[in-house]
Amino acid sequence: MKLEGDIDELVFDYLEGNLDKEEQEAFNLLKEENETFNHNVRLWQNAYISEGLPETGDLEQRLMIGRQPGTGIMSKVGLVTIIVGLLSFVPSSINEKLPEFRPLQEEPPVAVIVTEPTPVRKTNRKEFKEQKEQIVEPSPSSGMIEVSEVQVVDLWKTVPVTLPSVTIKALELRLVTERVPAYTDRDINRLKRRQLERRRAGEFKAGNIPYVVPLSSKNF
Amino acid sequence: MISEKQYNETVKDFTRNVYRFVFKSVRDKEATEDIVQDCFMKLWQNRTQVDASKARGWLFTVAHHAMINYLKIQNRNTTLDHVELKAAAAAKLPDFDLKEIIERSLLDLPPLQRSIILLRDLEGYNYKEIGEILQLGESQVKVYLFRGRKKIKDSIKVLSAVI
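Below: a short report on this structure. (Residues numbered from 1 in each chain as written. Chains lettered and ligands numbered in written order. Predicted model: local features only at pLDDT ≥ 70, side-chain atom pairs only at ≥ 80, totals over all residues.)

**Thoughts on the interface of chain B and chain A**
To keep it simple, the criterion reads: In this description, a residue-residue contact is defined by the distance between C-beta atoms placed from the backbone, which must lie within 7 Å. By the criteria applied, helices consist of DSSP H or I runs no shorter than four residues and strands consist of E runs no shorter than two, each listed in order from the N terminus. All residues other than Ala, Val, Leu, Ile, Met, Phe, Trp, Tyr, Cys, Pro, Asp, Glu, Lys and Arg, Gly among them, are scored as polar; the first ten of these are nonpolar and the last four charged.
Contact residues are listed per partner, giving 29 residues for chain B and 20 residues for chain A. Those elements that place two or more of their residues in the side of chain B that touches chain A are α1 (4-26), α2 (29-45), α5 (98-108), α6 (111-121) and α8 (138-162) of chain B. Broken down by element, the residue count for the side of chain B that touches chain A peaks at 11 residues, all from α1(B). For the side of chain B that touches chain A, the per-class residue count stands at 15 nonpolar, four polar and 10 charged.

Shown next, in the form of structure tokens:
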């Protein structure tokens, strides 16, 4: 069979598979016979592109719906952590045995008053009330002792007529002291003086104040 | 209609293909990733209108248009850069191998011809499928493919002679 048309078109059709069987045979024959034609065919063959698929990294994971980065082992670990966390809130017999939860705060100072049975003696009601207030309530003017929790036994109700003598056996107190700067008037005056000197020196340095030569007999 | 599962399968199967198709024209990793993400986002947004069996072709259609838009914007901004790149490529001529010559020739092609060649060579589509993707007739596809290939072949011929 005779091949007709432009050579380039012919080669293109051959490589694209558009030629029928007879045309292909004629083409192959021509290719074997003609070296220039064969070279041209090779050039056309080189014009075809071939390349493997690239690595897209985590792009696929990002594009997927319902899956977030960090799935797999990390999500399982997270799930286990959440379950364990939730279990700690469930009341159980194990938790009952555990020591009572105490917040990590500084415990307030506690005054412990221990009463001892003493021989009964008659006391004036007014006198006792004054005595009780004196013991239990700290003087607000001091401000140095904080008694936030005091066990108070209302003896008046329990023993309406006779009053026991109350003695403080042990007092566990924590003293809260504030550091007050020990500045005296003298210190304050000294600080003020230094501050003033510093300011004057600064002004003099900046040239705001002219230097005045102190009057002295040596200068004349 | 595309379900969530089908969408995820499409992502798994064709992300790399779409990425390769876009990257061949854009030559910028970040821009390519942006375009690919846009394509899949549009697929998900139009999942009710797209048939799952035609998702691949649909993705290439969107990718082709996105790529052309990107190149238009780039051509407006970086004409000078392109000129410099060409000069640099010409300066490096002796180091060119065949693959690099083809890559350069491919970049010099009009986007439509380039897309047709890429869809034909890398994705293995026939003329009819390429026509559906790029909204062209079969004969048009064939003509563009021939012109594109001929340009690449001529580039190879010229540069091979120079080297």
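**Some points on the packing of α1(B) against α2(B)**
All names here are of chain B. Where we set the bar: Here an axis means a line fitted to C-alpha atoms, over the contact stretch when the element is a helix, while the angle between two N-to-C directions is reported on a 0 to 180 degree scale. Throughout, the term roughly parallel applies to angles under 35 degrees, roughly antiparallel to angles over 145, roughly perpendicular to angles from 65 to 115, and oblique to all others. The handedness criterion is simple: a crossing whose near helix is rotated anticlockwise from the far helix by less than a right angle is left-handed, and one whose near helix is rotated clockwise is right-handed.
Closest axis-to-axis distance for the α1/α2 pair is 9 Å, and the angle between their directions is 140°. Accordingly, the angle class assigned to the pair α1 and α2 is oblique. Both α1 and α2 take part in a crossing whose hand is right-handed. Mapping the contact onto sequence places Tyr7, Val11, Thr15, Val18, Tyr19, Val22, Phe23 and Val26 in α1 and Ala31, Thr32, Ile35, Val36, Cys39, Phe40, Leu43 and Trp44 in α2. Per-class residue counts for the contact of α1 with α2 are 14 nonpolar, two polar and no charged.

**A closer look at the nonpolar core**
Keep this limit in mind: For this entry, the nonpolar core is defined as buried Ala, Val, Leu, Ile, Met, Phe, Trp, Tyr and Cys residues connected by C-beta atoms within 7 Å. With C-beta atoms placed from the backbone, a residue is labelled by how many other C-beta atoms lie within 10 Å of its own: buried for 20 or more, exposed for 12 or fewer, partly exposed between the two.
Among the nonpolar cores identified, the biggest contains 37 residues, and B:Val18, B:Val22, B:Cys39, B:Leu59 and B:Ala63 are the most heavily contacted of them. Put simply, the parts of the chain that give this core at least two residues each are α1, α2, α3 (55-77), α6, α7 (127-134) and α8 of chain B. Excluding residues within four positions of it along the chain, B:Leu59 makes contact with B:Phe14, B:Val18, B:Cys39 and B:Leu43. Ranked by size, the runner-up nonpolar core spans 11 residues in total, among them A:Phe12, A:Val41, B:Ile101 and B:Ile102.

**Focus on unusual backbone geometry**
The phi torsion of most residues other than glycine is negative, and most of the peptide bonds are trans. All names here are of chain B. For Arg27, which is not glycine, the phi torsion reads 60° and is therefore positive. You can call Arg27 partly exposed: it has 13 C-beta atoms within 10 Å. In the Ramachandran plot, Gln135 falls in the positive-phi region, its phi being about 55° despite a non-glycine side chain. Within the element layout of this structure, Gln135 appears in the loop between α7 and α8. What makes Gln135 exposed here is the crowd of 10 C-beta atoms within 10 Å.

**Looking at the environment of B:Glu4**
With respect to the helices, strands and loops of the structure, B:Glu4 is situated in helix α1. For B:Glu4, a count of 12 C-beta atoms within 10 Å puts it in the exposed group. Measuring from C-alpha to C-alpha, the distance between B:Glu4 and B:Trp44 comes to 8.6 Å, with 40 residues separating the pair along the chain. Beyond its immediate chain neighbours, meaning those up to four positions away, B:Glu4 contacts A:Ile65 and A:Gly66.

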